[in-house]
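The residues making up each chain are set out below.
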Amino acid sequence: MPKICLLLKEKRPAWVELFEKEGLEVCCDYRLPEAIDNILSQPPDLLIIEYELSPELVYDLLIALKTTLYLPFLPVLLVLSATEFQLDWERYPVDDFFSPDILPPELLARVHLAFARARRLADNNPLTGLPGNTSILKYIQDKLDKGEEIAIGYVDLDNFKPFNDRYGFARGDEILRALARILTNVVRTYAGDQGFVGHIGGDDFVFVCPLPKAEKIAQEIIDHFDQVVPNFLDEEDLLKGCFISEDRQGRTCRFPLPSVSIAIVPNRQGRYKHYGEISAVAAQIKKYVKQIPGSTYLLDRRKAKN
Amino acid sequence: MEAQKREIKRKLRQLQSLPTLPPVVSRLTKLIGDENTTALQIAEVIEKDQVLTSKVLKMVNSAFYGFPKRISTVSSAIVLLGFNVIRTLVLTASIFEMMQSEDLGLWEHSLGVAAASGILAQHLELKNQEEVATAGLLHDLGKVVIRAEFPHFYKQILRLVEQEKLSFLEAEKQILGMYHGEIGEFLVRRWNLPERLVEPIAFHHEVEKARKYKKETAIIHLADIIIRALGYGNGGDPWVPGLQDKAWRWLGLDRKDLEELLPLLDERLLELRFFTLEIQGLGFA
Ligand SMILES: [Fe+2]
Ligand SMILES: [Fe+2]
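Residues numbered from 1 in each chain as written. Chains lettered and ligands numbered in written order. Predicted model: local features only at pLDDT ≥ 70, side-chain atom pairs only at ≥ 80, totals over all residues. Heavy atoms only, no water.

**Student:** How should helix α4 (residues 50-60) of chain B be read in this particular structure?
**Tutor:** Residues spaced three or four apart along an α-helix face the same direction, because each turn holds 3.6 residues. Of all 11 residues making up α4(B), 10 are buried, and the element is well covered by its neighbours. Put simply, B:Asp49 is the residue that caps the front of α4(B), since its side-chain oxygen is 3.0 Å from the backbone nitrogen of B:Val51. (Buried < 20%, exposed > 50% of the residue type's maximum accessible area, 1.4 Å probe, protein only. Helix = DSSP H or I, 4+ residues; strand = E, 2+ residues; numbered from the N terminus. Polar contact = N/O pair within 3.5 Å; in protein donor to acceptor, adjacent residues only side chain to side chain.)

What follows is the structure, given as structure tokens:
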């Protein structure tokens, strides 16, 4: 049952009843700090929020939800009175707005429309919530078409297979989610809305950012990953500094602890025209990075051959 | 007493957020308002406050993020939650409307125990030193809960300590039918905090009950005693509890180790004094 959350200035039992009749689960909390706590730890499927509640806090909450919790497709409807229509819409990440004295049929129609739009947009990875391959390809191709000086970073986890063998898939999923969080936060910090993070699948991720920021971002992803990874390891393995696990032939082997490798492909002076060229170059660089033990990144510094 | 315990647990289940000291929050709000503030600077302040630390850990270990019971340090939590979420958490933190003079003492006690635990963990060459310090910071969270949620009982406990010369812990048992270790445990389990933090919080006064994290629990137990003996902060009563034999054996320390550690601790506590003085100044100015 989809959950809809109301954050309003005053109680509106009529709205609650309206939504409950439609079979939606409604949560409404009128104490702002608790409400925000709850929304950030258990996000709803749709949020209706009143601007006048606290313009500053509402904005902060929306930014947190949309950009750092990778919930770009969470529909948010803003309740706005007629005197406030001249909001800065570029800045305000909402999907729709309506006035506090909206009639019930219109309110319902807008809620259903918002749900439908969210469903159409989703090609997100179910595990991490990050945009999937269609969005990745579209985003990068779009930047190439404009000839922007961007860098594309291919991130993958080293020794993910032995990690899964040792601790099981559930913990493997946990570490992928943690990596997704780190990528999102770092790219957001240094590139703002000039950045993008996607999940290709399995233990492969990609990020896109302005070229001058690429190395800083890669280094920070590495630092943060190495800092967080001990939370996911058992004490004995941490002490040994490696796992003992079986290889494909069933022999007992020592494997290093998980680390990340990042291959960065720069698009200098519009050198690449198609996404396919980028992934081919990335594959070559990856081979080198993977040979270096521990977490590392490598930026392709080769000059164009023409 | 059983009915009383049930009633307390019922209230704990409804508990949404704990208040913290107003000056800590105003200091953080100032930091956050400054564009040049880094996540690291914010972490440094959060790590000195037991309530905000528990709040951040509760959030990062909530089911939504998909790695419950894993994250035990503030620095990891900040990396995973991101600046915007931390910012929102701090801006919506609730504060004590009336800060009492004992409150600061309780905060100082927790800070002191965090410092001593960290130093002990370092001396014993444990891998997870930051986490042990976090356990030290949170160890008396149950007392904050009593102070904030059951102020009436809290007053009764303090009165009993003063009039009957009981330890705080004995007085808690008489008034509430349970004590701060159990209350803290009840909450941090509900919040999905990792077992390595839960055991020291639950068992720092009954180390024999520790299962998986004996060393960590024993460290917090010893750190608590050292800090009380040094008279740093306020643990609720003026008496120093006895050292449990088991804890001492698990750690394998001797007198000489302690002589080596105390100067290090002194230095660290002096640094912390500057922090608490600043907080105090902000609070009562
Ligand atoms: Fe205690
Ligand atoms: Fe204590």
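The rest of the description comes next.
**Student:** How should I be thinking about the domain arrangement of chain A in this particular structure?
**Tutor:** One frequent convention defines the size of an interface as the accessible area lost when the parts assemble. Domain annotation for chain A reports domain 1 (3-121) and domain 2 (133-299). Inter-centroid distance (C-alpha atoms) of domain 1 of chain A to domain 2 of chain A is 34 Å. (Domains from an automatic or database assignment.)

**Student:** Just to check I follow, could you spell out the sheet that holds strand β5 (residues 96-98) of chain A for this structure?
**Tutor:** Neighbouring strands of a sheet are bound in pairs by backbone hydrogen bonds; such pairs are parallel or else antiparallel. Residue and element names in this part refer to chain A. Taking strand neighbours across the sheet as the criterion, the 5 strands line up as β2-β1-β3-β4-β5 in an open arrangement whose pairing is parallel. Whereas interior strands pair on both sides, the edge strands pair on one side only; in this sheet they are β2 (25-28) and β5. Each adjacent strand pair in this sheet contributes to an overall mean axis angle of 20°, direction not counted. Note that strand β1 (residues 3-7) and β2 share 4 bridges and pair parallel. Bridge pairing in β2 places Lys3 opposite Glu25. Each of β1, β2, β3 (46-50), β4 (76-79) and β5 is contacted by helix α1 (residues 13-21), which is oriented at about 155° to β2, the strand it contacts most. (Pairing = 2+ DSSP bridges. Axes fitted to C-alpha atoms, helices over the stretch in contact; angles between N-to-C directions. Contact = heavy atoms within 4.5 Å.)

**Student:** Teacher, can you tell me more about the packing of aromatic side chains here?
**Tutor:** What characterises a pair of aromatic rings is the spacing of the ring centres plus the angle enclosed by the ring planes. Inspection of the entire model under this criterion finds 12 aromatic pairs over all chains. Each ring, one from A:Tyr139 and one from A:Phe196, has its centre 4.3 Å from the other, and the planes form 15°; the classification is stacked. Separated by 57 residues along the polypeptide, A:Tyr139 in helix α5 (residues 133-145) and A:Phe196 in strand β7 (residues 196-201) bring together distant segments of the chain. Among the residues examined, A:Phe196 registers a relative accessible area of 12% and is labelled buried. Ring-pair connections join several aromatic residues into one group, and the members of that group are A:Tyr51, A:Tyr59 and A:Tyr92. A cation over an aromatic ring shows up here: A:Arg12 above the ring of A:Trp15, its NZ or CZ 4.6 Å from the ring centre. Over the ring of B:Phe168 we find B:Lys143, and its NZ or CZ is 5.0 Å from the ring centre. (Phe/Tyr/Trp six-rings, centres within 6.5 Å; stacked < 30°, edge-to-face > 60°. Lys NZ or Arg CZ within 6 Å of the ring centre and 35° of its normal.)

**Student:** How should I be thinking about the nonpolar core in this particular structure?
**Tutor:** The nonpolar side chains of soluble globular proteins are, as a tendency, buried together. Ranked by size, the top nonpolar core spans 158 residues in total, and within it A:Leu78, A:Tyr92, A:Phe207, B:Leu28, B:Ile46, B:Leu81 and B:Leu176 carry the most contacts. Residues within four places of B:Leu176 in sequence aside, it is in contact with B:Met1, B:Gln4, B:Lys5, B:Ile8, B:Ile146, B:Phe153, B:Ile157 and B:Ile183. Grouped together as the second largest cluster of nonpolar side chains are 20 residues, A:Ile4, A:Val79, A:Phe98 and A:Ile102 included. (Core = buried A, V, L, I, M, F, W, Y, C linked by side-chain atoms within 4.5 Å.)

**Student:** Sorry, what's going on with the domain arrangement of chain B here?
**Tutor:** Residues and elements named next belong to chain B. Domain annotation of chain B identifies domain 1 (20-91) and domain 2 (102-282). Distance from the C-alpha centre of domain 1 to the C-alpha centre of domain 2: 22 Å. Each partner contributes residues to the interface: domain 1 has 25 residues there, and domain 2 has 25 residues. Inspection of the region where domain 1 meets domain 2 yields 1 salt bridge. Note that Arg27 and Glu278 form a salt bridge whose closest N and O atoms lie 2.9 Å from each other. At the boundary of domain 1 with domain 2, the tally comes to 7 residue pairs in polar contact (both at pLDDT 80 or more). Listed by contribution, the elements that provide at least two residues to the side of domain 1 that touches domain 2 are α2 (22-33), α4 and α5 (74-81). With 6 residues, α4 is the single largest residue contributor to the side of domain 1 that touches domain 2. When grouped by side-chain class, the residues that make up the side of domain 1 that touches domain 2 number 9 nonpolar, 9 polar and 7 charged. (Salt bridge = Lys/Arg side-chain N within 4 Å of Asp/Glu carboxyl O. Nonpolar A, V, L, I, M, F, W, Y, C, P; charged D, E, K, R; others polar.)

**Student:** Which parts of the structure should I look at to understand the coordination of the iron ion (ligand 1)?
**Tutor:** Metal coordination angles have textbook ideals: 109.5 degrees for a tetrahedral set of four donors and 90 or 180 degrees for an octahedral set of six. Residues and elements named next belong to chain B. Coordination of the iron ion (ligand 1) by the protein is provided by Asp140 (OD), His180 (NE2), His204 (NE2) and His205 (NE2), with metal-donor distances spanning 2.1 to 2.3 Å. Around the iron ion (ligand 1), the 4 donor atoms are arranged such that angles at the metal cover 84 to 170°; this shape is classified as irregular. Mapped onto the sequence, the residues coordinating the iron ion (ligand 1) show the spacing D-x39-H-x23-H-H. Separating the iron ion (ligand 1) from the iron ion (ligand 2) is a distance of 3.4 Å, and Asp140 supplies a donor atom to each of them. One end of the pair, His180, is in helix α12 (residues 180-190); the other, His204, is in the loop between α13 (195-203) and α14 (214-229), and 24 residues separate them in sequence. (Donors = N, O, S within 2.8 Å, 3.2 Å for Na, K, Ca; no water. Tetrahedral: all angles 85-135°; square planar, octahedral: opposite > 155°, others 65-115°.)

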